[in-house]
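Remarks on the overall topology
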Amino acid sequence: MYLLGYELGNVNVRLALIKADTKEVVAHLHHPQQEMDIVSRQRGWAEQQPEIWWHHLCVATRQMLDDTGISPDLIQGIGIAYQMHGLVVIDKQLQVIRPAIIWSDSRSVPIGDQAFREMGKTYCLQHMLNSPGNFTASKFKWIKDNEPEVYERTHKILLPGDYIAMRLTGDLKTTVSGLTEGIFWDFKEKKVSDKLLNQLGLEGDFLPETVPTFSLQGKVSATAAIQTGLQEGTPLTYRAGDQPNNALSLNVLHPGEIAATSGSSGVVYGIVDKPIFDIQSRVNAFAHINYEENYDRIGLLLCLNGAGTEYSWIKHQVARHSHSYEDMERMASSIPIGSDGLCILPFGNGAERMFLNRNLNSHVFNLDFNRHSRAHMYRASLEGVAFSFVYGVDILKELGLDVNVIRVGNDNMFRSRIFSKTIATLLGCRIEVVNTNGAIGAARASGIAIGVYDSLEHALEDNPVTVVYEPDFNVGLCQQAYSYWKSRLSMVLESHSPSAATLEHGPEADYPLSKILLEKDRALTVSQLQLQAAQDLLEEAQFILEKNGPSSQKEVAELRSRISEQLGKERKWEAFEEHFDLLHNDFFQKVHEICPSLSMQELKMCAYLKMKLSTKEIASYMNLSTRGAETCRYRLRKKLGLKKGENFHAFLQELG
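Keep in mind the model is a prediction, meaning the values are calculated, not measured. (Residues numbered from 1 in each chain as written. Predicted model: local features only at pLDDT ≥ 70, side-chain atom pairs only at ≥ 80, totals over all residues. Heavy atoms only, no water.)

**Re the nonpolar core**
The line we're drawing: Side-chain atoms within 4.5 Å link the members of a nonpolar core, which is a set of buried Ala, Val, Leu, Ile, Met, Phe, Trp, Tyr and Cys residues. Note on classification: 1.4 Å probe, protein chains only; a residue is buried when its accessible area is under 20% of the maximum for its type, exposed when over 50%, partly exposed between these limits. Throughout, a residue-residue contact means that at least one pair of heavy atoms, one from each residue, lies within 4.5 Å.
Counting residues in hydrophobic clusters, the biggest one holds 110 residues, and the most contacted among them are F140, I143, F389, I406, F419, I423 and I431. Sequence-distant contacts of I406, that is, excluding residues within four places in its chain, are made with I258, A259, A260, L427, C429, R430, I431 and E432. Core analysis: the second largest hydrophobic core is formed by 42 residues, L4, W54, I75 and W103 among them.

The structure is reproduced here in structure tokens:
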């Protein structure tokens, strides 16, 4: 007997067939061989035709049956994994009305942001663990606002996996896990959020029936049997989004366990046992595949849109046609860590959640036509995506996840030694490559509801680790390259900051509230610097008056009294340190750990440089000449142990 698993991505459809008793993989293939097209009719849009997905699934299934010679009646169960957050709209005849809006499409960002503001940040995060953001519910609202004729014809809306299940069985169903990924689910009420539907003005019974993740969800119809070659009546017993399913495939089911993948997008997915949310909405929380058992398994998902898509673009647009990914890896290995200064930001695949839904685009820095080759581009591309992962994992650490081991599958960018070891070295963790993938995981999971396996643990045992990547690259060189990469990222982020005019428009402006607060915090810190400078000047004046003495004792007594009164009102340096540490992740504490002997003046210099103030501004705040400020900075570099040529600003940014 056999179990069949499908994984629908936006690149291709994968298929795996395993023996039910031994879990041996007897067939594993994908179709098409070339990546499926993504249609982008406007900037930030991403669409695919669902009928194309179904066509490739049918072709792959028939090919598998022909290649193996296995009789379709020996297949006991079917599982589906699918690209998350997409939107398929169908009419009453179960026909697709328009192309699917897929996960990387960012057109609905303003809609989600507006709902987030109007419903209230606290309410959304406590009840849905997320902003409505750029997810399925907001995408459907976009259709209502912009394509009313499509909205009026819509009978049901489906996630991509729900669509594939409908084509297989003829039944319209979804899961709780699927509802959470569309941001329809209220985690407090444990039901679909009526408040969200009312906020978005989505009327009608457009959501399918909900079934458990592991259950009999339908049987292969006569029509689907003809198209796929499967046996009519074969049960569909499992479906889940690709990232929860990837975690399942890697046996990541319990709190503290972490899975990662880097296909078209990059994802780090960690399990917690209670509702957790990111106050800045950079990380998303969804019901994990075993959430329904006790409503206590939540997957924290950090997504990088620009990951495998970036490296695929490099392969197709930069590499020679004869170069495979293995050739690119071999060539990149000849280039030193840091790619001889070549630096790539890979964020060219739509809005990035961890940057507050801003679309930064990809950027290439320091390209030297006389020094850099294709091999440099290959390594810089791998490093750019690796650095993005590290940046994202640091966000998860802020939420309390402990990252010691990351488990990954064997069919994505983690096959690259350069990519994996760069991440392992910077995070100080071990990366374990497991001999599995999403289609195999879906096949195993399909055996649970029909009793082939008595538990998830039974279904997932005997999943061997094939490769382990240890953190054994040169840490200093990796940190140096990563620091420079972050400095370029900071520059790009600043270029996407709002103008003063935007801030004046208040909450009606189409700009994330969290970013406005960040700008206000910076303004508050600058004001604090100005107050500190004024206090320093007053202290100096008081000292001079006491030392030299005045011609009129009454006059100086009055002046001293006024200065003392002012000094009493002003906040001391300790208060500034406390405020600055709050904004910059214990910056002064980290500076003290590196060099405990720094003077007050040198600590102030660190803060001002961290604020990216000019030498002239620093001199003014510290009551120094420009030359004096430069001398202070030079001595500070030496005390902190910076080498010649090492970027001081990048070093300070790394500290917090």
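**Observations regarding the confidence of the model for the protein**
Applied cut-off: How sure the predictor is of each residue is captured by pLDDT, a score from 0 to 100.
Residues with a pLDDT of 70 or more make up 86% of the protein, whose mean pLDDT is 87. Between residues 513-517, whose pLDDT stays under 50, and residues either more than four places distant or in other chains, the model counts 7 contacts. Here residues 568-572 scores under 50 on pLDDT; set against residues more than four positions off or in separate chains, the count is 9 contacts.

**Re the pairing of strand β16 (residues 266-272)**
To be explicit about the condition: Runs of E in the DSSP output that reach at least two residues are strands. Runs of H or I that reach at least four are helices, and both are numbered from the N terminus. A pair of strands is considered paired only if DSSP assigns at least 2 bridges between the two.
For β16, the tally of buried residues reaches 7 of 7 residues, placing the bulk of the element in the interior. With burial as the criterion, each face of β16 is covered, one bearing G266, V268, G270 and V272 and the other bearing V267, Y269 and I271. Sheet topology note: the strand β15 (residues 258-262)/β16 ladder contains 5 bridges and is antiparallel. By the bridge assignment, A259 is partnered in β16 with Y269. Between β15 and β16, which pair antiparallel in sequence order, lie 3 residues. Note that β16 and strand β18 (residues 298-304) share 7 bridges and pair antiparallel. Paired with I271 across the bridge in β18 is G299.

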